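Coordinates in review
What follows is the residue order along each chain.
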Amino acid sequence: MSGLGQKRKMSFRKVTIIILVLAIVLFLLVLHRNFLGLSSLLRNEASDAGIWGLQPIDFAPRAPQSEEIAVVIAASEDRLGGAIAAINSIQHNTRSDVIFYIVTLNDTADHLRSWLNSGSLKNIRYKIVDFDTKLLEGKVKQDPVQGDSVKPLIFARFYLPVLVPSVRKAIYVDDDVIVQGDVLALYNTPLKPGHAAAFSEDCDSASTKVVVRGAGNQYNYIGYLDYKKERIRKLSMKASTCSFNPGVFVANLTEWRRQNITNQLEKWMKLNVEEGLYSRTLAGSVTTPPLLIVFYQQHSTLDPMWNVRHLGSSAGKRYSPQFVKAAKLLHWNGHFKPWGRSASYADVWERWYIPDPTGKFSLVRRHMQVN
């Protein structure tokens, strides 16, 4: 019996060893397979980040984000190339999930759509939003200085909750900008409690204290509002208060709706039609004065590098190449647009311009001028 028991023990040990060896072999096979899968994944990522790949921000990984970034931009027919260049620059300098809300008029929508569906813009996410000009009835008047009617789309920024009703937070940009940074950083600009928007102030950067011909210093409230008018004086707003630029801003639309900002802006638009409340030497945008009133001491501020402006205030160059390169956002506010003959830094803007496939929009350049 003892000999038989010993044989059973030895047999049991052999079976145990065999099972153990098989388990180890199986474990090594699984480990090897996982290693091969990881190697393949790394090779694919290395290939995607290769020299031939278009990389928006120096091979940086996609930033973790729980919501899409809404960017609102107005696109008028005569400036459509500007909107296209701005959209292209934003799209290719971020890995965030961006959706563009492009506000335009009915007669421009088809032209815009054909441009967006060609070339490198095919993969962008966008919605074309029709602007109802009836919203402006009784609220704007012809500018006798400019001698032409006010362009309706410049007021699109006043109606963000109407134009993008499902959006809680948005970036608004003019069509004469180029974005060189990741808009996620702009989107994440902190807004103080109770503030519906963040603007770039005119006293906080290298863009400040620009002398506009015929208008004096266009960087404080007195440059935009007529302080001789009793209604303006009753607001008790200091005339020396630093103004802000509304061509780029981040809006908390939940707060905007709560405070009825649009209704407040419309109130001051109507009062200006009736009483002429804007400065007579106003050289800036006619959309600025009502915003200055409504957001007086009630707005947050943007990083100055997110609105480096006045590139269009003169035909000459005002910034160094190094500063222009470092800017997160370049803004050609002023008369000299980057698609025009006398534009400054036109080469920077043209890097992002995509030619119009329909041929309706074309750049005006100095060398094209007939002698």
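Everything in this summary refers to the structure shown in the same document. (Residues numbered from 1 in each chain as written. Predicted model: local features only at pLDDT ≥ 70, side-chain atom pairs only at ≥ 80, totals over all residues. Heavy atoms only, no water.)

Here we take up the overall build of the protein chain. On a plain count of helices and strands, the protein chain comes out with 11 helices and 11 strands. Scored against the burial criterion, the 371 residues of the protein chain give a buried share of 46%. The contacts of the protein chain with a sequence gap of at least 6 include a subset with a gap of at least 24, amounting to 76%. (Helix = DSSP H or I, 4+ residues; strand = E, 2+ residues; numbered from the N terminus. Buried < 20%, exposed > 50% of the residue type's maximum accessible area, 1.4 Å probe, protein only. Contact = heavy atoms within 4.5 Å.)

What follows is about the pairing of strand β6 (residues 197–201). In terms of residue burial, β6 counts as a mostly covered element, since four of its five residues are buried. Where β6 meets strand β9 (residues 244–252), five bridges bridge the pair, whose relative direction is antiparallel. The residue bridging Ser-200 from the neighbouring strand is Asn-245, located in β9. As paired elements, β6 and strand β10 (residues 300–301) share two bridges and run parallel to each other. Among the inter-strand pairings, Phe-199 is bridged to a residue of β10, identified as Thr-301. (Pairing = 2+ DSSP bridges.)

Quick look at helix α8 (residues 261–275) now. Residues separated by three or four positions in an α-helix point in the same direction, a consequence of the helix having 3.6 residues per turn. Relative to the 21 Å expected for 15 residues at 1.5 Å per residue, α8 spans 21 Å between its end C-alpha atoms, a close match to the ideal helical length. Looking only at α8, the buried set comprises Ile-261, Thr-262, Leu-265, Glu-266, Trp-268, Met-269, Leu-271 and Asn-272. Check the buried side of α8 and you find it contacts α4 (160–163), α6 (230–233), α7 (253–258) and α9 (288–294). Of the residues trailing α8, Gly-276 is marked for its positive phi of about 65 degrees. (Expected span 1.5 Å × (residues − 1).)

A few words now on the sheet that holds strand β2 (residues 98–104). Strand order in the open sheet formed by seven strands is β3-β2-β1-β4-β9-β6-β10, with mixed pairing between adjacent strands. A strand with exactly one partner marks an edge of an open sheet, and here the two such strands are β3 (125–130) and β10. Docked against the sheet, helix α2 (residues 80–91) engages β1 (69–74), β2 and β4 (169–173), running at close to 165 degrees with respect to β1. (Axes fitted to C-alpha atoms, helices over the stretch in contact; angles between N-to-C directions.)

Another aspect to go through is the pairing of β2. Of all seven residues that make up β2, seven are buried, and the element is covered over most of its length. Neither face of β2 is open: one carries Val-98, Phe-100, Ile-102 and Thr-104, the other Ile-99, Tyr-101 and Val-103, and all of them are buried. Where β1 and β2 come together, six bridges link them in parallel fashion. By the bridge assignment for β2, Val-72 is matched with Tyr-101. Between β1 and its parallel partner β2, the chain crosses via α2, and the hand of that crossover is right-handed. In this structure, β2 lies alongside β3, joined through six bridges in parallel fashion. Looking across to β3, one finds that Val-103 is bridged to Val-129. Between the parallel elements β2 and β3, the chain passes through helix α3 (residues 106–116) in a crossover that is right-handed. (Right-handed = clockwise from strand over helix to strand, strands pointing away.)

What follows covers the side chain of His-299. Along the polypeptide, His-299 turns up in the loop between α9 and β10. Since its relative accessible area comes to 12%, His-299 is described here as buried. Polar contacts involving the side chain of His-299 include one to the side chain of Glu-201, which spans 3.1 Å. At 3.0 Å, the side chain of His-299 and the backbone oxygen of Phe-295 are in polar contact. (Polar contact = N/O pair within 3.5 Å; in protein donor to acceptor, adjacent residues only side chain to side chain.)

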